[in-house]
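Structural overview for review
Residues per chain, in single letters:
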Amino acid sequence: MNTERPDGSVRAASARSYLMCRPAHFDVTYSINPWMEPSKPTSAQVALEQWKRLHDTFIGLGHDVQLIEPVPGLPDMVFAANGAIVVDGKVLVARFRHAQRIEESEAYLDWFGRGGWSEVRQAEYINEGEGDFLCVGGEILAGTGFRTDVRAHDEAREYFDRPVVSLTLIDPRWYHLDTALAVLGEGDVMYYPAAFSAESRSILAERFPDAILADEADAAVFGLNALSDGLNVILPRQAVGLAAQLRERGYRPIGVDLAETLKAGGSVKCCTLELRAEAI
Ligand code: ARG
């Protein structure tokens, strides 16, 4: 499964392992980001159907998908990306900022605790997992500004023994790093510049001079809340501008509809936690 690019290089998919959580108890009962409006009707049934299509898309692409049991009363638990960061088989479980999500950590500690991972521990500082930590190459990009405490960046650097690059988010609509930036492949990302502080924008421009830049319309439909396996890029199907740019760069965009979870401020990436390295 690969596509050759005009310059002769090749985009290639590699099999991934993901953790997901069925939105069995999905609802918007509180508001902790600007997208959440508890007065708007939601349907756990529709959320489940849309989520199932995302799940089946991953399976169809040959990826492994593990499931964590949803807990009643934790409607945001569908956003598995927030549960932890998993790198080199080591797990750093989240510590949530908002009271409404704090109990989710327990479920992740329990799930990873039973899985035979080399090391599992809960973050000491507020840390919303892969919502704010994204691996690119050997490095970890880390977001702060709304959720994750900047001290959690140092904690992750020490725990994973990897370089961590801090980035500051400045617009509450893009409150997690994974709503404003997506990793496409080794050293390749796409992002929405206006979501970042001026300093972070220069860091990104310097590190990723060839990055795909999203416009506000694509960023506002969560087009950057995407997941790439190196070739296939699963993203909200409304993000048509990004899909076209991805195609031009030799990626295969695959649009999915996650309109229901979007009401809680989350899409493809938020629903998916990447499990990097095998359990022992
Ligand atoms: N309602 C959830 C929250 O505000 C959405 C989380 C989205 N997850 C993500 N990885 N961006 O916490």
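The notes below deal with the structure included here. Everything numeric here is computed off the predicted structure, so don't read it as measured data. (Residues numbered from 1 in each chain as written. Predicted model: local features only at pLDDT ≥ 70, side-chain atom pairs only at ≥ 80, totals over all residues. Heavy atoms only, no water.)

Our next topic: the overall build of the protein. On a plain count of helices and strands, the protein comes out with seven helices and 17 strands. What you see for the protein is a C-alpha radius of gyration of 17 Å, in line with the 19 Å of a compact globule of 280 residues. Buried positions account for 54% of the 280 residues belonging to the protein. Across the protein, contacts joining residues at least 24 apart in sequence account for 69% of those joining residues at least 6 apart. Approximately 11300 Å² of the protein is accessible, and the part contributed by carbon and sulfur atoms is 49%. Taking the average location of the 27 positive side-chain charges in the protein and that of its 41 negative ones, the two points are 2 Å from each other. (Helix = DSSP H or I, 4+ residues; strand = E, 2+ residues; numbered from the N terminus. Rg over C-alpha atoms; globule rule 2.2 N^0.38 Å. Buried < 20%, exposed > 50% of the residue type's maximum accessible area, 1.4 Å probe, protein only. Contact = heavy atoms within 4.5 Å. Areas by Shrake-Rupley, 256 points an atom, 1.4 Å probe, with all protein chains shown as cover. Lys, Arg positive; Asp, Glu negative; His and termini not counted. Charge placed at Lys NZ, Arg CZ, Asp CG, Glu CD.)

As a further point, take the site of the ligand. Around the ligand, the structure places 17 residues, and the nearest of them are R101, H176, D178, A264 and C270. R147 is positioned with one of its side-chain polar atoms (N or O) 2.8 Å from an oxygen atom of the ligand. Interatomic distance of 2.8 Å between a backbone N/O atom of A264 and a nitrogen atom of the ligand. Here the ligand has 350 Å² of accessible area as a free molecule, and 100% of this is covered by the chains. Within the shell around the ligand, the residues separate by chemical class into seven nonpolar, six polar and four charged. (Near = heavy atom within 4 Å. Polar contact = N/O pair within 3.5 Å; in protein donor to acceptor, adjacent residues only side chain to side chain. Nonpolar A, V, L, I, M, F, W, Y, C, P; charged D, E, K, R; others polar.)

Further remarks concern the nonpolar core. Judged by nonpolar contacts, the single largest core of 32 residues is most densely connected at L141, L181, M190, F196, L242 and L246. Where this core is concerned, the elements lending two or more residues are strand 8 (133-136), strand 10 (164-168), strand 11 (181-185), strand 12 (188-191), strand 15 (232-236) and helix 6 (240-248). Leaving out residues up to four positions away in the same chain, M190 has contacts with A180, L181, A182, L184, I212, G223, L224, A226, V233, L242 and L246. In terms of nonpolar packing, the next biggest core, distinct from the first, is built from 23 residues, V28, I32, M36 and V256 among them. (Core = buried A, V, L, I, M, F, W, Y, C linked by side-chain atoms within 4.5 Å.)

That's the geometry; what it means functionally is another story.
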